[in-house]
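Analysis of the macromolecular model
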Amino acid sequence: MALTSHKEHACSSSPPPPATPALQSPKHSSPPGQKIRVLGRSRDRLQRFVDHGAEAVDVRIDDPESLRDAFAGATAAFVMIAPGLIPDSTDYAAYQGRVISAHREALAGLPGLTRVVSLSGWAANYDGASGPVWGLRRLEEALDTLPGLEVTHLRPGWFMENALPMVEEIRITGTAHGLIPADLPLPAIATADIGAVAADLLTGRRAAHTRTLELQGPRDVTLHEVTAAIGRAVGRPDARYVQIDTATMRDGLLAAGFSPHMADGTTTMTCDVAERRIAMTQPRDTETATPTTFEEFLARVIN
């Protein structure tokens, strides 16, 4: 998003799917006396922000002129690659490259702009990251070339929203399936907490002491714990988690409409998490920890 000289916030990319945070909790991003402008590909998808007092602007997120017009007057910007996944894409890296280039061109020399916060991810810690997360490090690097700006990159861990498909699966069958080992500790984080950190940085209520913040919830959780918590919440106390292999995951993605290109990339990305190539490098401390527990998140989304 972007803050304007009139103290207006404006989202610079469209809100992504539920597993990706734009500002999932709009109220956190609207401090008194400041306005928000949200930019996206579809005005309908921006309505939840408008309902909280934001201005909505349609934008082509891979078009630098469209973005620059939408950013006009901004004093701070929250940017990301959106959507975070295009299931039928045959060259998602090329799309990411266009979005990154457009944002860099749109923000360069923008009058009045002082702060930029990017939504990156923990995959940016891994030099070999590929698939849907290939562009995260490239986005950071592009923004780092903008002169005269205070730039902060947020690298959150495993989104708690990733567990949402498990809720219905467990409710119906009592079993959840996934490629990640059941006992692997995951730095789970609620996307609303990411939005709150971004808003604090954009408005100057918080100053980052490092250029990169690896955001993570109050403690690591395993998928065994996630499954048990969901089971208790939906009346399936005997719920279990079953690990699948890469071929099964890929076949499932293809059956769901993914292109072979995206099925391969998504499977590879998940393997990188499962085999700990994608991992946190910063400790959990007052700079990186966020407050919402998985149990609190689950109670919120189920109720």
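As the structure is a computational prediction, the values presented were derived from the model and not from experiment.

1. Here we look at unusual backbone geometry
- A cis amide bond links Ala-82 to the next residue, Pro-83, at an omega of -5°.
- Examined against the element boundaries, Pro-83 turns out to sit in the loop between strand S5 (74-79) and helix H3 (92-107).
- With a phi angle near 65°, Arg-276 is a residue other than glycine that sits in the positive phi range.
- Its place among the elements puts Arg-276 in the loop between helix H9 (260-274) and helix H10 (294-302).

2. Brief notes about the nonpolar core
- Grouped together as the largest cluster of nonpolar side chains are 50 residues, with contacts concentrated most on Phe-71, Leu-107, Leu-113, Val-116, Leu-143 and Leu-154.
- Among the elements that make up this core, the one with the highest residue count is H3 (7 residues).
- Beyond its immediate chain neighbours, meaning those up to four positions away, Leu-107 contacts Arg-68, Phe-71, Ala-77, Val-79, Leu-113, Val-116, Leu-143 and Leu-146.
- In terms of nonpolar packing, the next biggest core, distinct from the first, is built from 34 residues, Val-133, Ile-180, Leu-184 and Met-280 among them.

3. Notes on the packing of aromatic side chains
- In total, this model carries 2 aromatic pairs according to the counting rule given.
- Between Tyr-92 and Tyr-95 the ring centres are 5.8 Å apart and the planes differ by 25°, which places this aromatic pair in the stacked class. Of the two residues, Tyr-92 and Tyr-95 both sit in helix H3, 3 residues apart, roughly one turn of that helix. There is no split in this pair, since Tyr-92 and Tyr-95 are both buried.
- For the ring pair Phe-294 and Phe-297, a centre distance of 5.9 Å and an interplane angle of 40° mean the geometry is tilted. Remark: Phe-297 and Phe-294 occur in helix H10; sequence separation between them is 3 residues, near one turn of the helix. For the pair Phe-294 and Phe-297, one class covers both residues: buried.

4. Considering the packing of helix H2 (residues 64-71) against H3
- Packing of H2 against H3 leaves a shortest axis separation of 8 Å and a crossing angle of 45°. Of the possible angle classes, the one that applies to H2 and H3 is oblique. As H2 runs across H3, the sense of the crossing is right-handed. Residues Pro-64, Leu-67, Arg-68 and Phe-71 of H2 touch H3, and the partners they reach there are Ala-102, His-103, Glu-105, Ala-106 and Leu-107.
- Split into classes, the residues belonging to the contact of H2 with H3 amount to 6 nonpolar, 1 polar and 2 charged.

Conventions adopted
Residues numbered from 1 in each chain as written. Predicted model: local features only at pLDDT ≥ 70, side-chain atom pairs only at ≥ 80, totals over all residues. Heavy atoms only, no water. Helix = DSSP H or I, 4+ residues; strand = E, 2+ residues; numbered from the N terminus. Core = buried A, V, L, I, M, F, W, Y, C linked by side-chain atoms within 4.5 Å. Buried < 20%, exposed > 50% of the residue type's maximum accessible area, 1.4 Å probe, protein only. Contact = heavy atoms within 4.5 Å. Phe/Tyr/Trp six-rings, centres within 6.5 Å; stacked < 30°, edge-to-face > 60°. Axes fitted to C-alpha atoms, helices over the stretch in contact; angles between N-to-C directions. Parallel < 35°, antiparallel > 145°, perpendicular 65-115°, else oblique. Left-handed = near helix turned anticlockwise from the far one by under 90°. Nonpolar A, V, L, I, M, F, W, Y, C, P; charged D, E, K, R; others polar.

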